[in-house]
Structures are given as structure tokens and as C-alpha cells.
Amino acid sequence: MESPFDHVTLAVDGKPGDARSLSLPVERGTLGNPCIDIARLPKETGCFTYDPGFTATAACKSAITYIDGDAGVLLYRGYPIEQLAKQSSFLEVAYLLMHGELPSGDAFHAFENEVTHHTMMHEAFRTFLYGFRHDAHPMAMLVGMLGSMASFYHNTLDLEDPEQRRLAAVRLIAKVPTIAAGCYRYSIGWPLRYPKNNLEYVDRFLHMMFEVPSEPLAMKPVAARALDLLFILHADHEQNASTSTVRLVGSTGSNPYACVAAGVAALWGPAHGGANEAVLKMLADIGKPGNVQSAIDRAKDKESGFRLMGFGHRVYKNFDPRAKIIREMTHQVLGELGVNDPLLEVALTLEEAALKDDYFIQRKLYPNVDFYSGIIYKALGIPTEMFTVMFAIARTAGWMAHWLEQQMDPEARIGRPRQIYTGYGERGYVGIGDR
Ligand code: CMC
């Protein structure tokens, strides 16, 4: 909605006779809500602002992704997610996020070729991978493996050089699937697979995951189509917790591989990317449609500490456009693969019941992107612990687009939130014998 004002006035009430007012400029992006620029506030009033969870605070300017949570709109570089989901591919979306424009045919082939030729892991990564316990969670392994990438490329990375920054992004987009598949195969005791350059990005990943030395892999084309779609839908989501983490770490001038390792750690939590794993566990616990109502009652009871996983979103307060697309794909995948998953029936019953329930209606809680994605992953044979790793593969494209944007932003400064201190006032040290 167009806003008529370009300044807001803040009245500062001090002692009698000490009232002042401060005029704060209002900034506008090309789309979205106006933003009050409060950068002068501490200097001119001695005050900070308090905004736990950053629900009202923009930390940067960005031209990558736009979300209108009330209207259920998601645009990557201006293109609606529905159009990209139907017509594009994950690798093309990765290019779009990084470069700002859709590639020409030649530019895309050059990008695809470059990504394809950076998919191999350094052999020393194997030794590193084999150091994990066999039952380590793959997200823990991914954090460690990506952190270790910083040690492989640190000395050859000049952050002042745009070409080296771009190459770091390409390396990450290329290698994360190889590392992810390696984590999975190690956990089940299978030999690691090298990436096959004759395959496309998603097919190559499926081969690295599932091909065994003894026989060729036969997967129906719908598997790669569905995974590519999920990767497109997960590729970026503006300043979510993991992307903000990548930016916060990036703001200190850290190595980009370390930034992405931090992003993966932030993604892991069940309130963020870990929700897809939590949804499947929840649906399995519910077990059958007849148990849905008691799960809903438990989610409404604040004492229970239980929430419906895959429901609700910080920004979408009407519907999550990604969930709509995934819901359709879920039926298609299960149909074409001939999978009869009883959890789908539980999910459909749960969705229907929650959408009719006043608690969820009043709080505008709708199924989010993670509600159905786990059912697709499960149908593709991807184990539950790997679901958030799938999300991380896709989000690497968004993280790197944001990191690249931040490195060129003349207004970017080290991220340093303030606090309201609630601890003791100054007090004297007491020796251990006197306590
Ligand atoms: N089940 C039951 N109640 C809920 C749920 C839920 N899933 N989500 C929010 N609420 C209630 C919450 O208790 C609160 O109620 P009240 O106003 O009575 O105190 C109200 O709705 C607002 O919740 P909030 O926690 O203030 O909302 P938030 O914007 O801080 O949190 C969220 C957003 C996604 C963390 C939250 O909805 C949630 O925990 N959902 C379940 C986890 C999930 O599916 N996460 C994936 C998010 S999408 C993918 C991604 O970001 O990675």
C-alpha cells in the first residue's frame, strides 16, 4: 500500500520543559512496507529500540527476494514463485538469485558447466567424513564438513576480488550435494559415489545418494522433477533466521564457507528448516486420522509445549504459496511412484481439521512449506534425518546470493544488535572463602 508520509516524528519526553522531537526519515523499497530509519536514534536521544525476534526491524537493503505475507506472494528477483516452479530449474534459479537476471542460453550453459566441474570433493574430505561416528546426525556432519571447507580454500580466497567471491559461491552450490550424499552414504555404510558429469544437477545428486556399485540406478523421472521443484521452492526466503545468520557472520569479513556452515547450524532448529523432519515424526506419532483431533487439542494447550509442526509462519499470515505448490506435487509423486503412504491421509486430515479450528483461524496459522515436503522426500526414499540437509542444499543458493550482495553493499557494517541489560549493577568481587 502506498504510504503518504516520508518522515515520522518521535516525541522525546524528558524532564518538564525538556520535551524534544526528532524527525526520522522514512525509506521505501520498490515494494513493501515503508521503513523508519532509526540509525540516528542512539546519538540524538541516547535510546536504542527493543525488538525481540526482529519482527519490526530491517537489517539491510536487498534486491533478491520479496515476500508479501498477507497476500501470499513470493518473488525471486521479481519473478513469481509459481512461474519459476512451473518453468524454471533449480540451477537456473540459483543463477537468477546470484546474478539478478535470468541467464541467456549461453550464460546458463557456462554456469551449468562450471558448477558441474566443481562438484568433486577434495579426497582429504573422505578422511574427515570417516572421522564422524556412524550414527552422527547428517546436519551435524554438514556443519562440520562445510566449516572444514574454509580450511581447504582459505589461503586462496581474496574477499576483495569479485571473481574469487563468485567462485566461492559456485563451489558451494556445486559441492554441497556431494557432501550431503557423502554424509548419507557414510551413515549407512555404503561406498561414496563420485559425481557424474553427464547428469544434470538433481539427477547427479540422486545418483550420488542411491546408486550402488552392483547395479544401475533406476528412478522414475518424477523423482528428479519433484526434487528440483522442492529445491526451487526452498532456494531463498529473504531475511529468515539462517540467511540472517549468514549475513551476520559475513558482516565480520569471515570466510564464506564458515558463513554457510553457520547458516546450516541456524537452519537445523525445528522452528526453521528442522520443521520438515519434525513434521514427519509428528505425523508418525499421530499414526492414524482418528488421532488427529487429540493432536490439535494438544497444540492448542499452551501447557503441553507441543505445536503443530509445519503450521504457522513468521511472515505468511494468509497462506504460504510454496505449500500450495508442494501439496499438488505430493499427490503427483505418490501417484506416479505408486506409493501408498498412510501418513498422507493423516496429513490431509490434520490440515483440514486445523483449517476449520478457531484457534488456528484466529492466529492465521496455515500449512507452511515444510508440511508436505517431508512426505515427498519419504516417497523418494530419503531418510527423515536427511530432510533438513535437502533444505540446506537448496538454500545454499540463497545464502550465497545474499552473501555476494552483502559484500558489495556500501552501507553494510558489522552486525551488532544492542540489549536491555537486566543483570546486577556494579558490585565488588568476593574471595572464594567468603562466599
Ligand atoms: N501450533 C500451535 N500454535 C502455534 C503454532 C503452531 N505450529 N505456531 C504459532 N502458534 C501460536 C503461538 O502459540 C502463538 O499463540 P498466542 O498468540 O496465543 O501466544 C501464536 O500462534 C503466534 O505464534 P508465534 O510463536 O508468536 O509466531 P512466530 O511468528 O514467532 O513463529 C513459527 C513462527 C514458524 C516459528 C511458528 O509458527 C512455529 O513454531 N511453527 C511450527 C514450526 C514450523 O513449522 N516451522 C517452519 C517454518 S517455515 C520454514 C522455515 O522457516 O524454515
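Scroll up for the structure.
This structure is a prediction, so every number in the text was calculated from the model and none was measured.

Novice: Account for the environment of A107, with residues named and values stated.
Specialist: Structurally, A107 is set in helix α4 (residues 105–116). Residues A107 and Y95, spaced 12 residues apart in sequence, show a C-alpha to C-alpha distance of 9.3 Å.

Novice: Which residues make up the site of the ligand, and what are the values?
Specialist: Contacts to the ligand come from 23 residues, most closely from H272, K302, R307, L308 and G310. Coverage of the ligand by the protein chains reaches 75% of its 940 Å² of free accessible surface.

Novice: Which residues make up the packing of helix α11 (residues 256–267) against helix α18 (residues 387–407), and what are the values?
Specialist: Axes are the key here: two packed helices are described by the angle between their axes and the distance separating the axes. Interaxial distance between α11 and α18 falls to 10 Å at its minimum, and their mutual angle equals 135°. Relative to α18, α11 is oriented oblique. Crossing of α11 over α18 shows right-handed handedness. Here P256, C259, V260, G263, V264 and L267 of α11 lie close against α18, whose contacting residues are T388, F391, A392, W399, M400 and W403. Looking at the contact of α11 with α18 residue by residue, the class counts come to 10 nonpolar, two polar and no charged.

Novice: So what's going on with the state of the cysteines? Residues and values would help.
Specialist: Taken as a whole and assessed by the stated rule, the structure comprises zero disulfides. Unpaired in this structure, C183 has its nearest cysteine sulfur neighbour in C259, at a distance of 20 Å. With no disulfide of its own, C259 lies 14 Å from the sulfur of C60, the closest cysteine sulfur.

Novice: Kindly report on the pattern of salt bridges, identifying the contributing residues and their values.
Specialist: This model, assessed by the stated rule, comprises 17 salt bridges. Residue D135 is joined to R133 by a salt bridge in which the shortest nitrogen-to-oxygen separation is 2.9 Å. Judged by its relative accessible area of 60%, R133 is exposed. The shortest N-O distance in the salt bridge between E163 and R166 comes to 3.0 Å. One end of the pair is E163 and the other is R166, both in helix α7 (residues 162–188) and three residues apart, which spans about a single turn. The exposure class of R166 is partly exposed, given its relative accessible area of 21%. Look at the salt bridges and you will find they share partners, linking E27, K61 and E411 into a network.

Novice: Please give an account of unusual backbone geometry that cites residues and values.
Specialist: The bulk of non-glycine residues show a negative phi, and the bulk of peptide bonds are trans. For F54, which is not glycine, the phi torsion reads 50° and is therefore positive. On the secondary structure map, F54 appears in the loop between α1 (41–45) and β4 (65–68). Notably, K364 is not glycine yet its phi reads approximately 55°, a positive angle. Along the polypeptide, K364 turns up in the loop between α16 (358–362) and α17 (370–379). Residue K364 is classed as partly exposed on the basis of its relative accessible area of 41%.

Novice: I'd like to hear about the packing of aromatic side chains, residue by residue, with values.
Specialist: A full pass over the atoms with the stated rule returns 14 aromatic pairs. Consider the rings of Y130 and Y186, whose centres lie 5.4 Å apart with planes at 40°: the pair is tilted. Here Y130 is found in the loop between α5 (124–129) and α6 (138–153), whereas its partner Y186 is found in helix α7, with 56 residues between them in sequence. Look at F205 and F231: their rings are 6.4 Å apart centre to centre, the planes differ by 50°, and that puts the pair in the tilted class. You can see F205 sitting in helix α8 (residues 201–210) and its partner F231 sitting in helix α9 (residues 221–234), a full 26 residues away along the chain. Across the pair, exposure class does not vary: F205 and F231 are buried alike. Ring pairs connect the aromatic residues F311, Y359, F360, F371 and Y372, which therefore count as one cluster. Between the NZ or CZ atom of K324 and the centre of the ring of F319, over which it lies, the distance is 4.3 Å.

Novice: Can you lay out the sheet that holds strand β1 (residues 7–12) for me, pointing to particular residues and giving the numbers?
Specialist: Picture the strands of a sheet paired through backbone hydrogen bonds; they go either parallel or antiparallel. Reading across from one edge, β1-β2-β3 is the order of the three strands in this open sheet, with antiparallel pairing throughout. Looking along the sheet, the strands with just one partner apiece sit at the ends: β1 and β3 (35–36). The pairing of β1 with strand β2 (residues 20–27) spans six bridges and is classified as antiparallel. Across the sheet, the residue bridging to V12 is R20, located in β2.

Novice: Lay out α8 in plain terms, naming residues and giving numbers.
Specialist: The α-helix winds at 3.6 residues per turn, so residues separated by three or four positions along the chain end up facing the same way. Most of α8 is tucked away: nine of the 10 residues are buried. The complete set of buried residues in α8 reads Y201, V202, R204, F205, L206, H207, M208, M209 and F210. Against α3 (90–99), α4, α7, α9 and α18 lie the buried residues of α8.

Rules used throughout
All chains use their own residue numbering, which begins from 1 and follows the written sequence. In keeping with the model being predicted, local features are shown solely for residues with a pLDDT of at least 70 and side-chain atom pairs are shown and tallied solely at 80 or more, while totals for entire chains, interfaces and linings include all residues. Hydrogens are left out, water is left out, and the side-chain values use all remaining heavy atoms of the structure. Helix and strand labels come from DSSP, where a helix needs a run of H or I of at least four residues and a strand needs a run of E of at least two; each type is numbered from the N terminus. We define proximity as follows: a residue is near a molecule or strand when any one of its heavy atoms falls within 4 Å of that partner. The protein chains shown are the only cover counted for residues, whose accessible areas, like all others here, come from Shrake-Rupley with a 1.4 Å probe. Axes, fitted as lines to C-alpha atoms, cover a helix only where it is in contact. Angles between the N-to-C directions of the axes lie from 0 to 180 degrees. Here is the rule for angles: anything less than 35 degrees is roughly parallel, anything more than 145 is roughly antiparallel, 65 through 115 is roughly perpendicular, and the remaining ranges are oblique. For any pair of crossing helices, the crossing counts as left-handed if the nearer helix is rotated counterclockwise from the farther one by less than a right angle, and right-handed if it is rotated clockwise. Contact definition: two residues touch when any of their heavy atoms are within 4.5 Å. Note that Gly is not counted as nonpolar here; it falls among the polar residues with everything else outside the nonpolar set of Ala, Val, Leu, Ile, Met, Phe, Trp, Tyr, Cys and Pro and the charged set of Asp, Glu, Lys and Arg. Here, the term disulfide refers to a pair of cysteine sulfur atoms separated by no more than 2.5 Å. Any Lys or Arg side-chain nitrogen located within 4 Å of an Asp or Glu carboxyl oxygen qualifies as a salt bridge. Buried means the residue's accessible area, taken with a 1.4 Å probe over protein chains only, is under 20% of the maximum for its type, while exposed means over 50%, and partly exposed covers the values in between. Classification of ring pairs uses Phe, Tyr and Trp, with its six-membered ring standing for Trp, and accepts pairs whose centres are within 6.5 Å; under 30 degrees between planes counts as stacked, over 60 as edge-to-face, and the remaining range as tilted. Only lysine NZ and arginine CZ atoms are considered, and such an atom sits over a ring when it is within 6 Å of the ring centre and within 35 degrees of the ring normal. Strands qualify as paired when DSSP identifies two bridges or more between them.

Don't take any of this as a statement about function, it's just geometry.
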